[in-house]
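# Structural characterization, general
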Amino acid sequence: MSDNFLEFRNVSKSYGGVHALEDVSFSVPAGHVRALLGENGAGKSTLIRVLAGTIGADRGTIALDGVERAFATPLEALEAGVVTIYQEFNLVPQLTVAENIFLGWLPTTAGWIDRGSIRARASEILKRIGATFSPDARVGDLNVAGQQMVEIAKALSRDVKVLLMDEPTAALNDAEIEALFRIIRQLRADGVSILYVSHRMAEIFAIADSVTVLKDGRHVGTEPISEVTTESLVRMMIGRTLGEFYPPKATDFGAPVLEIGGLSVGKALQVEKLVLRKGEVLGIAGLEGQGQRELVQAISGARSFEADTFLIEGAPVRIRSIRDAIAAGIGYIPDDRKRDGLALIRTSAENLAIGSLARRLRFGAVVSGSAERRFVDDLVAALRVKLSGPDQRAGDLSGGNQQKLVFGKVLGAKPKILVMAEPTRGVDVGAKREIYEIIRELTRSGVGVVLLSGELPEILGMSDRVLVMANGRIVAEMTDPEMSEEAIMTAATAEAPEAGVMDDAA
Ligand SMILES: Nc1ncnc2c1ncn2[C@@H]1O[C@H](COP(=O)(O)OP(=O)(O)OP(=O)(O)O)[C@@H](O)[C@H]1O
Ligand SMILES: [Mg+2]
């Protein structure tokens, strides 16, 4: 095997006027983990898709072990040992876990699909990655984390030489990330070349041997991990440093904007009392699957629930759907943008306008076409959404830019209460900072925010008050200064949690 097993040579790819990749050249040794970094829209996913055979490059070539290769289809790439875990899932929800793992190359015995053998092999791989669900579970019944595990299992069922991972941990909890890192280290020891895309700095320092940074489709630099710091990487990525990451917190709050009593979602959630004040950020923390998702989904009308009281600004409201919630002034940013957040085949401007349309209907105000356009332009600028134009299809945007669009769409409705699940997932560091600023700006104007996040630093940096959940209940409430990672984890694990990956299946 040559030193540089995987080599990109002058790869370029354009979409209309957008240079997604421009003359990108770099190489990755065998048995090496290379982190691929860059802002939203920098070209990371495009590069991975070119290597994986899902799109063709306009120019340039890729060599594996010194031999130039061009994969016309994903299957050709797979056969050459190039395995990809995508940013967006590629699973068939109606099929079982085992069927999904072996999709495209189901083992057969004399022409018949050998179900017993795929089950057994699937079980073995699931056990290896520490997944707790059965190979017979329907993929559509798993939550995001579970589905990601299936993607990983799918990848591992192949003979891997090059493993491409596009934000593989976006939906995983800490234990699952540790399990994934063990697998990555094992594959590295087996000589696999690994290209790892992530926006999470801590992860990059934990797993990568070296980093490659892209900016606006160009190769900015490749450095050993020992030669870089978070600061220097941020500068390479966005061309400036960021300074203090979290904006200052609020010091006083208004009247309650939301008061809920006796809230339940079957057995998954039982909340006696929840109060959110104007201008407050209420963090929701806990181990994965302890009722947090049910809570934010109930508040935002995405899941049916029962409640004794549900008051907005002191007045009782009835929420039975997302539409009811929007009409009542509740904005919702879901964690699964592909499923709930965007109309992917509509243009970006249309997606943003849907939000403000709801507001116009609510107030019966008339907004002219040009005002609408300006509103869209302002949001796009504030969030630095990278668009070729307002008519670009939402589904063609880079992953992080889709998330920003969800944000813009919800803000367009000018909610009184903003409920967010993992709002910065997949968003680059610069834009993350931007989103935190916007959240603080909203609270200054009196909006109450409910923030569900699996990233404890984000919870601590943004929340004025934190509720810790376990077994579907609120088990602790804390504010500064007693709020800390340790205090939250202690509260979260005080009772033995009953839940697992399957618990919050949609
Ligand atoms: N099918 C497409 N049609 C038009 N433009 C596209 C298409 N796919 C990607 N682009 C554009 O190419 C650029 C690079 O996108 P890419 O998905 O590679 O970014 P990325 O680095 O993966 O970003 P993120 O961190 O947000 O996932 C973006 O400007 C994006 O809008
Ligand atoms: Mg991407």
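Above this text is the structure in question.
Residues numbered from 1 in each chain as written. Chains lettered and ligands numbered in written order. Predicted model: local features only at pLDDT ≥ 70, side-chain atom pairs only at ≥ 80, totals over all residues. Heavy atoms only, no water.

### A word on the packing of aromatic side chains
A complete count under the given rule lists six aromatic pairs for this structure. Look at Phe181 and Tyr196: their rings are 6.3 Å apart centre to centre, the planes differ by 70°, and that puts the pair in the edge-to-face class. Remark: Tyr196 occurs in strand β10 (residues 193-197) and Phe181 occurs in helix α6 (residues 174-189); sequence separation between them is 15 residues. Assessed through its relative accessible area of 3%, Phe181 is described here as buried. These aromatic residues form a ring-pair network of at least three members: Phe245, Tyr246 and Tyr436. Here the guanidinium or amino end of Lys13 rests over the ring plane of Tyr15, the centre of that ring lying 5.3 Å away. (Phe/Tyr/Trp six-rings, centres within 6.5 Å; stacked < 30°, edge-to-face > 60°. Helix = DSSP H or I, 4+ residues; strand = E, 2+ residues; numbered from the N terminus. Buried < 20%, exposed > 50% of the residue type's maximum accessible area, 1.4 Å probe, protein only. Lys NZ or Arg CZ within 6 Å of the ring centre and 35° of its normal.)

### With respect to helix α5 (residues 144-156)
The α-helix winds at 3.6 residues per turn, so residues separated by three or four positions along the chain end up facing the same way. Taking 1.5 Å per residue, 13 residues should reach 18 Å; α5 reaches 19 Å between its end C-alpha atoms and fits that length. Across the 13 residues that make up α5, a large majority, 13, are buried. (Expected span 1.5 Å × (residues − 1).)

### Concerning the pairing of β10
Burial runs high along β10: five of the five residues are buried. A two-sided burial pattern is seen for β10, the buried positions comprising Ser193, Leu195 and Val197 on one face and Ile194 and Tyr196 on the other. Where strand β3 (residues 32-37) and β10 come together, five bridges link them in parallel fashion. Following the sheet pairing, Leu36 is matched in β10 by Val197. Relative to β10, strand β9 (residues 162-166) is paired through five bridges, and the arrangement is parallel. Residue pairing across strands places Asp166 opposite Val197, the latter belonging to β10. (Pairing = 2+ DSSP bridges.)

### Overview of unusual backbone geometry
The omega angle of the peptide bond from Asp480 to Pro481 is 0°, so this bond is cis rather than trans. Among the structural elements, Pro481 can be located in the loop between β22 (473-479) and α17 (485-492). A positive phi angle, near 45°, is found at Lys414, a position not held by glycine. Along the chain, Lys414 turns up in the loop between α14 (399-412) and β19 (417-421). Phi angles above zero are rare outside glycine, and Asn471 is one such case at about 50°. Mapped onto the fold, Asn471 is located in the loop between β21 (465-470) and β22.

### Here we look at the nonpolar core
In terms of nonpolar packing, the biggest core is built from 55 residues, with Val97, Ile101, Leu163 and Ile184 touching the most fellow members. The dominant element in this core, judged by the number of residues it contributes, is α5, at seven residues. With sequence-adjacent residues up to four places away left out, Ile101 is seen in contact with Ala122, Ile125, Leu126, Val150, Ala153, Lys154, Ser157 and Arg158. Val265, Leu282, Val296 and Val419 belong to the second largest nonpolar core, which has 30 residues in total. (Core = buried A, V, L, I, M, F, W, Y, C linked by side-chain atoms within 4.5 Å. Contact = heavy atoms within 4.5 Å.)

### What to know about the site of ligand 1
In the vicinity of ligand 1 lie 22 residues, with Gly41, Lys44, Thr46, Ser398 and Gly400 positioned nearest. Within the contact set of ligand 1, an oxygen atom lies 2.8 Å away from a backbone nitrogen or oxygen of Gly41. In this structure, Thr46 approaches ligand 1 through a side-chain N or O atom, which is 2.5 Å from an oxygen atom. Within the complex, 91% of the 640 Å² of free accessible area of ligand 1 lies under protein. Secondary-structure elements contributing two or more residues to the shell around ligand 1 are β2 (18-28), α1 (44-52) and α14. Its residues placed into classes, the shell around ligand 1 shows five nonpolar, 12 polar and five charged. Mapping the shell around ligand 1 onto the domain boundaries places at least three of its residues in each of domain 1 (6-238) and domain 3 (347-414). (Near = heavy atom within 4 Å. Polar contact = N/O pair within 3.5 Å; in protein donor to acceptor, adjacent residues only side chain to side chain. Areas by Shrake-Rupley, 256 points an atom, 1.4 Å probe, with all protein chains shown as cover. Nonpolar A, V, L, I, M, F, W, Y, C, P; charged D, E, K, R; others polar. Domains from an automatic or database assignment.)

### Considerations on the sheet that holds strand β14 (residues 269-277)
Spatially, four strands are ordered β14-β13-β16-β17 in an open sheet, and the strand pairing comes out antiparallel. Strands at the two margins of the open sheet, each flanked by one partner only, are β14 and β17 (315-316). For strand β13 (residues 256-265) and strand β16 (residues 309-312), the ladder comprises four bridges, and the chain directions are antiparallel. Bridging across to β16, Gly261 finds its partner in Thr309. Relative to β13, helix α9 (residues 292-299) is tilted by about 120°, and along the sheet it contacts β13, β14 and β16. (Axes fitted to C-alpha atoms, helices over the stretch in contact; angles between N-to-C directions.)

### Observations regarding the packing of α5 against α6
Two elements in contact, α5 and α6, have axes whose closest approach is 12 Å; the angle formed by their N-to-C orientations is 10°. One way to sum up the angle between α5 and α6 is to call them roughly parallel. Here α5 contributes Ala145, Met149, Ile152 and Leu156 to the contact with α6, which in turn contributes Glu176, Leu180, Ile183 and Leu187. Here the contact of α5 with α6 is composed, by residue class, of seven nonpolar, no polar and one charged. (Parallel < 35°, antiparallel > 145°, perpendicular 65-115°, else oblique.)

### Re the side chain of Lys154
As for its placement among the helices and strands, Lys154 is situated in helix α5. Not counting chain neighbours up to four residues away, the residues in contact with Lys154 comprise Asn90, Leu91, Asn100 and Ile101.

### Here's the deal with the pairing of β3
Counted residue by residue, β3 has six buried out of six residues, so it is predominantly covered. Side chains His32, Arg34 and Leu36 project from β3 onto one buried face, and the interleaved Val33, Ala35 and Leu37 project onto a second face that is buried too. Direction of pairing for β3 relative to strand β11 (residues 210-215): parallel, over a ladder of four bridges. Residue pairing across strands places Leu37 opposite Val213, the latter belonging to β11.

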